[in-house]
Amino acid sequence: MLDITLRVRVDVDAWVAAQMDMGVCDAIEQNAPAGKLAAMTAPHLPKVAGIDSTVPAPTHNSAPLPPVHAAPPAPGAVIQDRLAGWVSDLTTLHELTERLIRTSTLDDALDELLSAGAALVGARRGMVVLEPPRDPARDGAFSAGSGPARTRGLGLSHADLGHIETVPREVTAYGSILDGRHHGACLGPPAAVPGPVAHPDLLADDSLHPLHREVAVRLGYAASYTSPLSTEESGTLGAAVWYYDEPASPVERQTHLAGLYMRYATEHLARLLELERARATALTVAEELLPSRLPRVPGVQLAARHRSGPRGGGDWFDALPLPEGALGLAVGSVSGSGPSALAAMGRLRASLRAYAVMEGEDPVAVLSDLELLLRLTEPARTATALFAYAEPASRKIVLAGAGHTPPLVVGDRRTEFVETSLSAPLGMLACWEAPSVELSPQPGETVLLYTDGLLRRTGDPMDRAFARLHSAAASVPKAARMDPAAIADHVLHTMLPQGLDQADDGEDVVLLAARFD
């Protein structure tokens, strides 16, 4: 809340007190018209025969009375009105920026920006185009031609946005801002921060492009106000356009508040862009650390699904061919998130591959060596892992797990979890050891290996999540059981109906399916 200085408060109070202390006579003397006071206080002569000689005879065309002017507003009232307006504006701006800062994704932030901007400039519809400058050194994680550029609308459908985008970009105000061809009433150096553009009456503008006029008539807007998303620090990230149904233009007070809000929104969007770039980089690194393709081994078909969380987790999977036609299958999860967890996951997966090649037929020995390596090189980190040594020709699997979720066998006659021994994660105990388990899948059965992120993303307690996984696997259509990829997709869709992208709570998801012929 704005505070009035003590000096201003004392002067205003003294002025009000002086007004209250004025006597009645003083008030009459100050407010009475000229000449009235003397007439009111002059002595009257005595009347003679009922005639008062001091009263002039009335005339039919006397001069009109002088107009009475309203007293000017008191200085204190003007100051209070201005202060009240400033406080109201600052309160509104504070509430809108608080709502904006609560957004954590670009789409949510752009939707909030459009709603707040429409309220500030008095519009009903709007569009925002986000096109941050590309930096090949920083945007390498994005594919060519993609990146975080996007368009969002308020009160406009996808078809409406498509109509607007048919207008040549170079004849639009937002296109001029994004292409650096407009500077307008700049808030800073002309080359750094462009200014807003107002078109109070588009249809009355003879220079309006014919296609722009056609789109305006089709969508029913008659005026527009375009504001850049630009600051000296962040550069020009995009532009927002609000549309009016009738010829109109925001007043100076509205444009001032909108300008302040847009500068704050630009900084917030710049932070979200940095976060999205970091997430894209983490996803790219995670994908590069995992197998780009699965091996082809006679007697078994493989399929894998993987999705990293927004912060980049340490869940991983692997499938590597071993001597004598064997196959090694592994899934695991490293504690933590972010770049350090990704690096640890890469080191752990590479070490497991080396141990599997040397002694893969003994999964307990593989995990024991992996636990010793983890305890010596990264004593502050823990990990869960499951390694299976499979012989597709004889349909025999020997597996061992370290604090990991049990595999799930899916077939025409059964859908059941493999009973594995209870064991601690790697790095939790001074000496890790657990017995191995043998499994013999029947022809046509599929073994599912997964991480606990698949269970946690459901939001259910673990016992209910396991029950949902069992039910999802049991409900796989018979025709889909011939393809491990179809089985994996069915399980994921049943467990996470909104998809891997929508159920974004930070957990990685790994699902590895091996179908035996």
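See above for the structure.
Just so you know, these numbers come straight off a predicted model, no measurement behind them.

(A) Region of interest: the sheet that holds strand 1 (residues 125–130). With respect to topology, five strands assemble into an open sheet ordered 2-1-5-4-3, the strand pairing being antiparallel. The outermost strands of the open sheet, each flanked by one partner alone, are strand 2 (150–154) and strand 3 (197–199). With direction set aside, neighbouring strand axes in the sheet form an average angle of 10 degrees. The pairing of strand 1 with strand 2 spans five bridges and is classified as antiparallel.

(B) Layout of the sheet that holds strand 6 (residues 300–307). Strand order in the open sheet formed by five strands is 6-15-14-11-12, with antiparallel pairing between adjacent strands. Bordering the open sheet on either side are strand 6 and strand 12 (415–417), each of which pairs with just one other strand. When strand polarity is set aside, the average angle formed by the axes of neighbouring strands in this sheet is 15 degrees. As defined by bridge partners, strand 6 adjoins strand 15 (residues 509–516) across eight bridges and the pair is classed as antiparallel. Bridge pairing in strand 15 links glutamine 301 to arginine 515. Together, strand 11 (408–410), strand 12 and strand 14 (446–450) form the strand contacts of helix 13 (residues 462–474), whose direction differs from that of strand 12 by roughly 150 degrees.

(C) Spatial organisation of the nonpolar core. Formed by 54 residues in total, the largest nonpolar core has its most connected members in Trp316, Leu329, Leu352, Leu367, Phe387 and Ile397. For leucine 329, the residues in contact, after removing those within four places along its chain, are Leu302, Asp318, Ala319, Leu386, Phe387, Ala388, Leu449, Leu512 and Ala514. In this structure, Leu110, Leu113, Leu120 and Ala258 belong to the second largest nonpolar core, which totals 31 residues.

(D) A look at helix 5 (residues 106–121). For helix 5, with 16 residues, the first-to-last C-alpha span of 22 Å sits near the 22 Å given by 1.5 Å per residue. Of the residues making up helix 5, those classed as buried are Leu106, Ala109, Leu110, Glu112, Leu113, Leu114, Ala116, Gly117, Ala118, Leu120 and Val121. Phi turns positive one or two residues past the end of helix 5, at glycine 122, with a value near 75 degrees.

Conventions and cut-offs
Residues numbered from 1 in each chain as written. Predicted model: local features only at pLDDT ≥ 70, side-chain atom pairs only at ≥ 80, totals over all residues. Heavy atoms only, no water. Pairing = 2+ DSSP bridges. Helix = DSSP H or I, 4+ residues; strand = E, 2+ residues; numbered from the N terminus. Axes fitted to C-alpha atoms, helices over the stretch in contact; angles between N-to-C directions. Contact = heavy atoms within 4.5 Å. Core = buried A, V, L, I, M, F, W, Y, C linked by side-chain atoms within 4.5 Å. Buried < 20%, exposed > 50% of the residue type's maximum accessible area, 1.4 Å probe, protein only. Expected span 1.5 Å × (residues − 1).

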